[in-house]
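Examination of the molecular architecture
Here is what each chain is made of, one letter per residue.
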Amino acid sequence: MEDKKNNKSSMSSPLPENGVSDEEKQTSGSDSPSKTRRRKPGGWRAMPYVLGNETFERLASIGLLANFMQFLLEVFHLDQVSASNVLNIWGGVTNFIPLLGAFICDAYIGRFWTIAFASVFEMMGMLALTMIPWLPKLHPPPCKMGQHECKKPNNSQMGFLVMGLGCLSIGSAGIRPCSIPFGVDQFDSTTDEGRKGIASFFNWYYTSFTLVLIIAVTVVVYIQDSVSWVLGFGIPTILIFLSIILFFIGTKVYVYVKPQGSIFSSFIQVFVASYKKRKLMLPDECESNGVFYDPLLPEWSIVKKLPLTHKYRWLNKAAIVMEDEVNTDGTCTNKWRLCSIQQIEELKCILKIIPIWSAGIICFTAIGQQGTFTISQALKMDRHLGPNFQIPPGSLSVISMITVGIWLPVYDRFIMPSVTKITRIEGGITLLQRIGIGMVFSILSMVVAGITEKARRNSAITHNSPDGIAPVTVMWLAPQLVLMGFAEAFNILGQIEFYNKEFPENMSSVANSLFSCTVAGASYISSLLVNLLHNTTGGHGHPDWLTNDINEGRVDNYYYLIAGLGVLNLFYFLYVARRYQYKTRTVVDDGIKGYADVHELHDMKY
């Protein structure tokens, strides 16, 4: 165990793939530091290139997504349901495919080349989307004054759009699961300086990410909305090109970690071995010594040794040693018949996280509405800020971002220390409690959104203006966006930290792609709900809830439905969270020494 002074630092940051802590040296049986493989870290010399590449890439992709709903409605002339389906299906693919990117990265080509290839595909996708508003043949003709039915895109135009979005999805597959781990790889976690560097890297990463979000949804969206779609898409495309150049400039500075092999192959081996030995009886706990295969970890391994647990006990059969299954050097003769305790426990980490992961989908379904129907609401409200300026609909999400930006430092500096004195838990509350609070805020945001939409719709119908715009300020949407900001601050950041801490250290790429799968699941749930309501509601002379004219529909009922699903999901989350056992959790002793004494507790619950 590391010295207590350094324990908190090592717990708060994931280890790079080729870093080795003092604890791990002891676990692997290394008596001398000289036996442990060392490498010279890139450190802060690599950060301008790593963070610069990530900043430009995020600015480009978010600058596109923030206002894409309006682009599909106004330039491509899609109806509200079709535009929402395009966004949700694309979002689902874009956020599921990072799992494939993580597999290819870990098993074959490593993080550097994964990010490099993905960045090229990202630029190709942005270039394709920039060409759509630029070249008349790639989009439908503009609507004429007084024309009620605008011409829809033909098959070739839709095909070119899908091709561009597909390239962006491939780019996301490589960049999202690898950007954070690649930055962590540049520091040596075996030193105090390296551990401090990792912690600072996370701070700079999220700071730059927040700044990028604000710039993307204000400056870039304004250019798209008020100047030119060609320029609004062209600027992100140029930024992607600059990010690629900046990334390759740093090639002589980076630390390169070779692919270690995919963790998914190990998981399949555990399932196969446990099935082959399904008829064996598990020994009693007192008789288990020597029965299970538990070799030492390699000296260079960055993974902490995991003890055998009794959760999902049927998997433990995969580690029962039978005759002639172990060579004289301690290796197994057949990896598909005998697996180590470490392999089994790593799989269990995944299995016990899945219920928690699934509970986050409905929460993000609510948060994701600020990119779809919130835009539709804003288009039918007074967006003037002074006589000559209109707020772009895609820029409204900056309200939730500002909420996050203000709340996090206030919580970190003032609220968390006070709560920590009461709970004696590092961070004030557990990560699962943090996720649960975010779910409550997401439910409240949908309730407020429904109330606001009903008031907006009534105002629009009462005044019956030719353009259908309600004479109410768009700032009526601020309360629901503020609540969504709190939901993000608690739930999203809580999920990201939860996955990084609860996954084994050699699964950092998978951990960073799992949140993307949450977003993907939410996209598919949204698409399912939208199509279901579009086809089943309405009738008898009444339009459906999500009809193209939002003033004739009932988007407020759609919001209430998501809130109701959120309540059911919250009960499910409370059930699975109370049964979850943390891999580790840190508790702070509030004594004479303040917060210097830190103890690492195992198997603590919600």
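Let us look at the structure shown here. (Residues numbered from 1 in each chain as written. Predicted model: local features only at pLDDT ≥ 70, side-chain atom pairs only at ≥ 80, totals over all residues. Heavy atoms only, no water.)

Note: α-helices contain 3.6 residues per turn, so residues at a spacing of three or four share the same orientation. When the terminal C-alpha atoms of helix H5 (residues 80-96) are compared, their 24 Å separation across 17 residues agrees well with the 24 Å that a helix rising 1.5 Å per residue should span. Counting buried positions along H5 yields 13 of 17 residues, so the element is predominantly enclosed. (Helix = DSSP H or I, 4+ residues; strand = E, 2+ residues; numbered from the N terminus. Expected span 1.5 Å × (residues − 1). Buried < 20%, exposed > 50% of the residue type's maximum accessible area, 1.4 Å probe, protein only.)

A few words now on the pairing of strand S2 (residues 470-473). Residues Ala 470 and Val 472 of S2 are buried on one face, while the alternating residues Pro 471 and Thr 473, pointing to the opposite face, are not. As paired strands, strand S1 (residues 381-382) and S2 are joined by two bridges and run parallel to one another. Considered in S2, the bridge of Met 381 is made with Ala 470. (Pairing = 2+ DSSP bridges.)

Taking 1.5 Å of rise per residue, 21 residues should cover 30 Å, and helix H10 (residues 229-249) covers 31 Å from first to last C-alpha, within 8% of that figure. The set of residues buried in H10 consists of Trp 229, Gly 232, Phe 233, Gly 234, Pro 236, Thr 237, Leu 239, Ile 240, Ser 243, Ile 244 and Phe 247. Capping the start of H10, Ser 228 holds a side-chain oxygen 3.1 Å from the backbone nitrogen of Val 230, two or three residues further along. (Polar contact = N/O pair within 3.5 Å; in protein donor to acceptor, adjacent residues only side chain to side chain.)

What follows concerns the packing of aromatic side chains. Counted by the stated rule, this structure contains 33 aromatic pairs. Lying across the ring of Tyr 580, Lys 352 places its NZ or CZ 5.1 Å from the centre. (Phe/Tyr/Trp six-rings, centres within 6.5 Å; stacked < 30°, edge-to-face > 60°. Lys NZ or Arg CZ within 6 Å of the ring centre and 35° of its normal.)

Moving on to the nonpolar core. Ranked by internal contacts, the top residues of the largest apolar core, which has 85 residues, are Leu 432, Phe 498, Tyr 499, Phe 503 and Tyr 558. Counting residues per element, this core draws most heavily on helix H12 (residues 341-367), which supplies 14 residues. Residues in contact with Tyr 558, not counting those within four places in the same chain, are Gln 369, Phe 373, Ser 526, Leu 529, Val 530, Leu 533, Trp 545 and Leu 546. In terms of nonpolar packing, the next biggest core, distinct from the first, is built from 29 residues, Phe 76, Ala 83, Met 126 and Ile 240 among them. (Core = buried A, V, L, I, M, F, W, Y, C linked by side-chain atoms within 4.5 Å. Contact = heavy atoms within 4.5 Å.)

A separate point is the environment of Ala 216. If you trace the backbone, Ala 216 turns up in helix H9 (residues 192-227). Each C-alpha atom of the pair Ala 216 and Arg 58 lies 8.7 Å from the other, and the pair is 158 residues apart in sequence. Those residues in contact with Ala 216 that lie beyond four places of it in its chain are Leu 59, Ile 62, Gly 63 and Val 221.

On to the pattern of salt bridges, then. One pass over the full model with this rule turns up six salt bridges. With its nearest N and O atoms 3.1 Å apart, the salt bridge here joins Lys 348 to Glu 345. One end of the pair, Lys 348, and the other, Glu 345, are both in helix H12, three residues apart, so they sit about a helical turn from each other. Given the relative accessible area of 3%, Lys 348 is considered buried. Judged by relative accessible area, which is 5%, Glu 345 ranks as buried. Residues Arg 456 and Glu 453 are paired through a salt bridge, measuring 2.9 Å at the closest nitrogen-oxygen approach. On the criterion of helical spacing, the pair formed by Arg 456 and Glu 453 is a turn pair, its members being three residues apart in helix H15 (residues 431-463). (Salt bridge = Lys/Arg side-chain N within 4 Å of Asp/Glu carboxyl O.)

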